[in-house]
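Per-entry structural report
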Amino acid sequence: MQRHGKEDTLRRILRFLSSMQLGIILLLLFAAISVFASLQEQKRAMDNIYRSFWFVGIMAFAALNLLLCSLRRVKPLARLALRPQKVQTIEAIKKMPFYRAVKLPPADLGDGGIAGAAAALQTLGYQVSVIEGPAGKNIFGEKGRSGYFGSLLTHFGLLVILLGAMVGSLTGFEHAGGGIAGDSFQVPEGNFTVRIDSVCMVQEPDPTVRPRVYSDLVITRDGWQIAAGTVAINEPLRFQGNTIYHKTFRYVSEIVIKNPATGEEIRKQVSEQDLLYVDGAGSYIHFLKFFPNFTMTEQGMPYSKNWLPENPVLAGILYNSAGQGERPVFLQLNKPEVISTAAGEIELTLTSFQHAAVFSVTRNLGRPLLLTGAAVLVLGLYLCFAVSPCRIYAARAKDKDVIHLGGSSYRGRLVLEDDLARIAAIITKQEVGA
Amino acid sequence: MAGMIEVSPTGLFLENLLFTLAVAGYLAATAGYLIFLFGKKSLGPSASRLLHLDFSLHSAFLVTRTVNVRRVPFVGHFEFGNMFIWACVFVYLWTERRQKDKYYAVGAFVTSLVVLYIVYLTLVPKIFTRVTISRAHTLLPPVLQSNWLKVHVSASVLGYAGFTLAFAVALMWLLKARLREKSAFARALPAFAVLEEYMYRASVFGFLFQTVMIITGAIWADTSWGRFWGWDPKEMWSLITWFVFAVYLHARFTRGWSGFRTVALVVAGWFAMLFTWVGVAWLLSGIHSFG
Ligand code: HEM
C-alpha cells in the first residue's frame, strides 16, 4: 500500500511537470518577468535579472516541462498518426464529427458508388485504401499526415534552440582585440593569435556615411596558420566555432614631440581618449577626437564635414601637472604646433595617421544547434498551421442506395467540411467549384 | 546632415502628394466601412472598392519612396509604419477576397486601426515633442546594408499585420458581447464562432511571421553584432508578444479555451506588439531605438 502511494505521488508529480497548465503558467511568468526587466532604467539591472539563477531556473524548468510533455506525447501521437483504424462500421461513421449521407444516382448502384467515392477522394489529394470489411467494401482516405507531427517538431526545435544556447554559454567566450596593420593580439581563451595584415577604409558613395573598414586577418596557433580572411561590418570571419567580428574602427595618429631647445625628438602613437605626457614636468594632452575632414561651426564647435581625409586634425586639451585644463590643441597634418608648458616650449607635429580596427572575438559552439533548431521550429509551425490532417471514411450498406461519408480532422475543420461537400457533389455528379 | 539623399523636387512632390492622397483615401474608406457597419448595407462593396483604390495609391507612394531613397523603404519609424499599414490592408483585403466578401464589418475595424496608426505617424509627433518621426531621406548605414534586413522587416510587417487583424476581430467580439443580441448593431456583426475562427487564423498568420522575424533578427544580429540574442528591450518585447500569442494558441488548441479568455489574450498580445513598436522606441532605449 505504502509503495503504491509513493508511485502515485511520483506519477502525479510527473504528470504535473509535463502538463500544459504548467507550460502556460511558465510562459506567462516568463513574459511577466521580461516585462518587468525590460522596464529597468539601467542595462545592468536588466542584465542582472536575465542572468539571475531564478530566471535561468524558470527557463530550465520550462525546458524540462516541454521535454517531458513532448516525450509523453510521442507514442500516442505516433499511434494516432501512423496506425489509423481503417475499417469503420456504418454506425461508427455516423457518429464521426463530420458526417454526410449521399444518395447514389441509379447508375452507380452496384459497386459504382464506392468506386466513385474512391475516385473523388483521390481527386482531392487523399491517399485511398479500399478495404473488404465484414459488411462490404469500405474506403479509407487520408491526407496531411505530416501535420500530426507539427507541434512535436515545433517543441523539439525549441528544445534544440535552448540546448544550443546552453552549449553556447557554457563553452563560449567573448574577447576584444584589435590594432593597426602589422599588429597581432592573443586570444588566450581560444589559444590562437590574430595577426592583422592590413586595415583598409573604403568610403561610401556618400562620404557623409560612415565608411567601411576591411581588415585582412591571419589566425595562427602554435605558429601554424589555422584560418585567414577579410573581416568587415556584417562580414565576420568564422573558423572552428570561433567568429571574429568587426566592431568599430579608430584613428591612430603618429605624433612627433620635439624639444626646440635640444632638438630631441620622440615619436608616439596615440588614439582618441589617450593621454600623452609632453614634458618631464607632468603636463599632458588628453586627445579627444580625430576629425578626418576638420571644420568649425559658426559657434566655434569643431566637427568633420565628412569621412574623407581631406583636412585631418587631432584635437585634445592640454592639462598642466595639477590636472587643470589649459587650452585646446588642434594638430593638423604636418603642421608643427608649438605649445608652452611649465617645462618650456614644445613642438608637436601630427606626422601620419592610420586606421585601427577593433574586433570582438567570440566562440559559440552552439551555433549549429541554434540554426538547426530554428529551421526545425519553422518547419514544425508550418506543419502545425498549413497542413490539416484529414481522414474520411466511406461505406455503403448492402442493397441500399446511400453511401455514408464520415470524417475526422486534426485542426482542419474547415478543410474537412469543404472536402466532404465536394466529394458528395462529385459522387452525385453535381457541378463542383463555384 | 550626415547620410542624406538629395531628392529631385518632382520626386519629393510626388511622394508627398501620394502620401496625402493615400491618407485621405484611408479616411474615406474607413468612413465607408463604418457607414456600412451602422446600417447602410449597400455600401459594403463600395467601401471595399475604395480601399482597393487606396491600397494602389499607398503602393504607388511606397514605390515612389523606394525610388527617392534608392533602397527598400524599410528603415526608421516613418517607413516601417507605412510598410506596416500597407501590410495590414494587404492582409485584410486578401481575407476579404477569400471570405467572398461576407465580412465587410471586419473592414470597419481594421481600417479604424489603420487610421490609428496613421494618426501615430502624422499627428502624435506634432503633439508630443519627445516623439520625432522623421520623414527624411537617409542613406543606409553599412550595418543595415544586409539582405537580412529585407527578410527581417518583411516578416515583421506581415506578423504585425496578422496581429492587427486578430485584434480588430477581438474588438468586434468584445463589442458584440457587450451589446448583447438585443441591439441591431450587435446582430450585424458576424457570429461569435465566426469571429473566433477569424481571430485564430489571423493570429496564426501573425505568429508564423513573428517567428520568422525573431529568427532572422537573431541570425542577423549574430552576423553583425556577434551575438544571437542581447536581451535588449526590442528583442524582449517581440519575445513577450510571441509568448502571449503562444499561450493563446495553446489555450485554444489544447485546453479548449474559447470566448472571453482567448479574446483577452489576443488583446494583450496586440498591446505587447504595439509596445514593441512604439513604447520601446520612446520609453526604453537600446540598440534598436533607430526604429
Ligand atoms: C513551455 C512548455 C510548453 C508545453 C508544455 C507545450 C505543450 C503543448 C501541447 C501539449 C500542445 C498540443 C500538441 C498537439 O496536440 O499536437 C502544444 C501545441 C503547440 N505548441 Fe506548445 N508547449 C510549450 C511551449 C511552446 C512554445 C514556447 C511554443 C512556441 C512559441 C509552442 C508552440 C506550439 C504550437 C505552435 C502548437 C500547436 C498549437 C495549435 O495547433 O494551435 N509551444 N504545445
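Residues numbered from 1 in each chain as written. Chains lettered and ligands numbered in written order. Predicted model: local features only at pLDDT ≥ 70, side-chain atom pairs only at ≥ 80, totals over all residues. Heavy atoms only, no water.

**Concerning the overall build of chain B**
Going by this rule: A run of H or I in DSSP becomes a helix once it reaches four residues, and a run of E becomes a strand once it reaches two; helices and strands are each numbered from the N terminus. In this scheme, a residue with accessible area under 20% of its type's maximum is buried, one over 50% is exposed, and one in between is partly exposed, where area comes from a 1.4 Å probe on protein chains only. Whether two residues are in contact is decided by their heavy atoms: any pair within 4.5 Å suffices.
Looking only at helices and strands, one finds 10 helices and zero strands in chain B. When the helices and strands of chain B are placed in sequence order, the string is α-α-α-α-α-α-α-α-α-α. For chain B, the spread of C-alpha atoms along the principal axes amounts to about 60 × 45 × 35 Å. Looking at chain B as a whole, 58% of its 291 residues are labelled buried. Of all intrachain contacts in chain B linking residues separated by at least 6 positions in sequence, the fraction that spans at least 24 positions is 79%.

**Remarks on the overall build of chain A**
Stated formally: Values of the radius of gyration come from C-alpha atoms, whereas the globule rule sets the reference at 2.2 Å times the count of residues to the power 0.38. Calculation of accessible area relied on Shrake-Rupley with a 1.4 Å probe; when residues are assessed, cover is drawn exclusively from the protein chains displayed.
Each helix and strand in chain A was counted, giving nine helices and 21 strands. Against the compact-globule benchmark of 22 Å for 434 residues, chain A has a radius of gyration of 37 Å, which places it well outside the compact range. Here the C-alpha coordinates of chain A stretch approximately 125 × 65 × 50 Å along the principal axes. Counting contacts in chain A only where the partners sit at least 6 residues apart, residues at least 24 apart contribute 56% of the total. As displayed, chain A has an accessible area near 22900 Å², and 57% of this comes from carbon and sulfur atoms.

**Side note on the coordination of the iron atom of the ligand**
Rules: Counted as donors are the N, O and S atoms within 2.8 Å of the metal, or 3.2 Å for Na, K and Ca, while water is not among the atoms, so some sites may look incomplete. Just to be clear on the cut-offs, tetrahedral is four donors with all angles between 85 and 135 degrees, square planar is four donors and octahedral six with opposite donors over 155 degrees apart and all others between 65 and 115, and anything else goes down as irregular.
Protein coordination of the iron atom of the ligand is provided by His155(A) (NE2) and His250(B) (NE2), with donor distances spanning 1.8 to 1.9 Å. One way to put it: the six donor atoms around the iron atom of the ligand meet at angles of 86 to 179 degrees, and that makes the site octahedral. Pair noted here: His155(A) is in helix H7 (residues 150-171) and His250(B) is in helix H9 (residues 233-253), and the two residues belong to different chains.

**Quick word on the domain arrangement of chain B**
All names here are of chain B. The cut-off we apply is this: Where a domain begins and ends is set by an automatic assignment or by a domain database. Values labelled buried area give the accessible surface lost by two parts on being combined, using a 1.4 Å probe and summing over both. A pair is scored as a salt bridge if a Lys or Arg side-chain nitrogen falls within 4 Å of a carboxyl oxygen belonging to Asp or Glu. The term polar contact refers here to a pair of N or O atoms within 3.5 Å; inside protein, the definition further demands a hydrogen-donor-capable atom paired with an acceptor-capable atom, and it admits residues adjacent in sequence only when both atoms are side-chain atoms. Charged means Asp, Glu, Lys or Arg here, nonpolar means Ala, Val, Leu, Ile, Met, Phe, Trp, Tyr, Cys or Pro, and polar covers whatever is left, Gly included.
Considered domain by domain, chain B is made up of domain 1 (1-140) and domain 2 (172-291). Between the C-alpha centres of domain 1 and domain 2 the distance comes to 21 Å. Tallying the contact residues gives 26 residues for domain 1 and 19 residues for domain 2. Counting the surface lost from both domain 1 and domain 2, the interface buries some 1900 Å², and carbon and sulfur atoms represent 77% of this. When the buried area of domain 1 at its contact with domain 2 is split by residue, His77, Tyr103 and Phe109 rank highest and sum to 25% of it. Applying the counting rule to domain 1 against domain 2 returns zero salt bridges. Taken together, the connections running from domain 1 to domain 2 amount to three residue pairs in polar contact (both at pLDDT 80 or more). For the side of domain 1 that touches domain 2, the secondary-structure elements that each account for two or more residues are helix H3 (76-98) and helix H4 (104-122). When residues of the side of domain 1 that touches domain 2 are assigned to their parent elements, the largest contribution, nine residues, is made by H3. Partitioning the side of domain 1 that touches domain 2 into residue classes produces 18 nonpolar, six polar and two charged.

**Remarks on a positive patch on the surface**
Residues and elements named next belong to chain A. Rules: Residues qualify for a patch when their relative accessible area is over 30% and they have no salt bridge, like charges being joined within 9 Å and the nonpolar side chains of Val, Leu, Ile, Met, Phe, Trp and Tyr within 5 Å. In this tally Asp and Glu are treated as negative and Lys and Arg as positive; neither His nor the chain ends contributes. One atom stands in for each charge, and that atom is NZ of Lys, CZ of Arg, CG of Asp or CD of Glu.
A surface patch of positive charge is lined by Arg11, Arg15, Arg72 and Arg73. When residues of the positive patch are traced back to their parent elements, those giving at least two are helix H1 (2-17) and helix H4 (53-82). The topology assignment puts Arg73 in helix H4.

**So, the confidence of the model for chain B**
Residue and element names in this part refer to chain B. Put simply, the rule is: pLDDT is a per-residue confidence score from the predictor, ranging from 0 to 100.
For chain B, the mean per-residue pLDDT works out to 90, and 96% of the residues sit at or above 70. Throughout residues 286-291 the model reports pLDDT below 50, and contacts reaching past four residues in sequence, or to other chains, amount to 13 contacts. Confidence metrics for the complex model read pTM 0.88 and ipTM 0.91.

**Quick look at the site of the ligand**
Where we set the bar: Nearness is judged by heavy atoms alone; a residue qualifies as near a molecule or strand once a single heavy atom is within 4 Å of it.
For the ligand, the set of nearby residues contains 25 residues, the closest of which are Ser151(A), His155(A), Tyr410(A), Arg411(A) and His250(B). Each of chains A and B places residues near the ligand. Interatomic distance of 2.7 Å between a side-chain N/O atom of His155(A) and a nitrogen atom of the ligand. Among the elements of the structure, helix H2 (20-38), H4, H7 and helix H8 (367-386) of chain A together with helix H8 (192-224) and H9 of chain B are those that each provide at least two residues to the shell around the ligand. At five residues, H9(B) tops the list of elements feeding residues into the shell around the ligand. Per-class residue counts for the shell around the ligand are 15 nonpolar, eight polar and two charged.

**Side note on H9(B)**
Along an α-helix, residues three or four apart share an orientation, since each turn contains 3.6 residues. Keep this limit in mind: Here the expected length of a helix is defined as 1.5 Å per residue gap, with one fewer gap than residues.
The terminal C-alpha atoms of H9(B), which comprises 21 residues, lie 30 Å apart, in line with the 30 Å expected from a rise of 1.5 Å per residue. With respect to burial, H9(B) is a largely interior element, 18 of its 21 residues being buried.

**Quick look at the sheet that holds strand E17 (residues 325-332) of chain A**
Residue and element names in this part refer to chain A. For the record, the criterion: At least two bridges found by DSSP between two strands is the condition for calling them paired. Angular values range over 0 to 180 degrees, each being the angle between N-to-C directions of two axes fitted as lines to C-alpha atoms, with helices fitted over their stretch in contact.
A sheet is described by the order of its strands in space; here four strands give the open sequence E12-E13-E16-E17, paired in antiparallel fashion. If you trace the sheet from one side to the other, it starts and ends with strand E12 (275-277) and E17, each paired once. Direction aside, the axes of adjacent strands within the sheet are offset by 30 degrees on average. Note that E12 and strand E13 (residues 284-291) share three bridges and pair antiparallel. When the sheet's bridge partners are listed, Leu276 is paired in E13 with Ile285.

**Structural notes on the side chain of Thr220(A)**
Residue and element names in this part refer to chain A. Note on placement: Thr220 falls in strand E7 (residues 212-221). Residue classification places Thr220 among the buried residues on the basis of a relative accessible area of 17%. Ignoring anything within four residues of it in the chain, the contact list for Thr220 reads Phe192, Thr193, Gln225 and Ile226.

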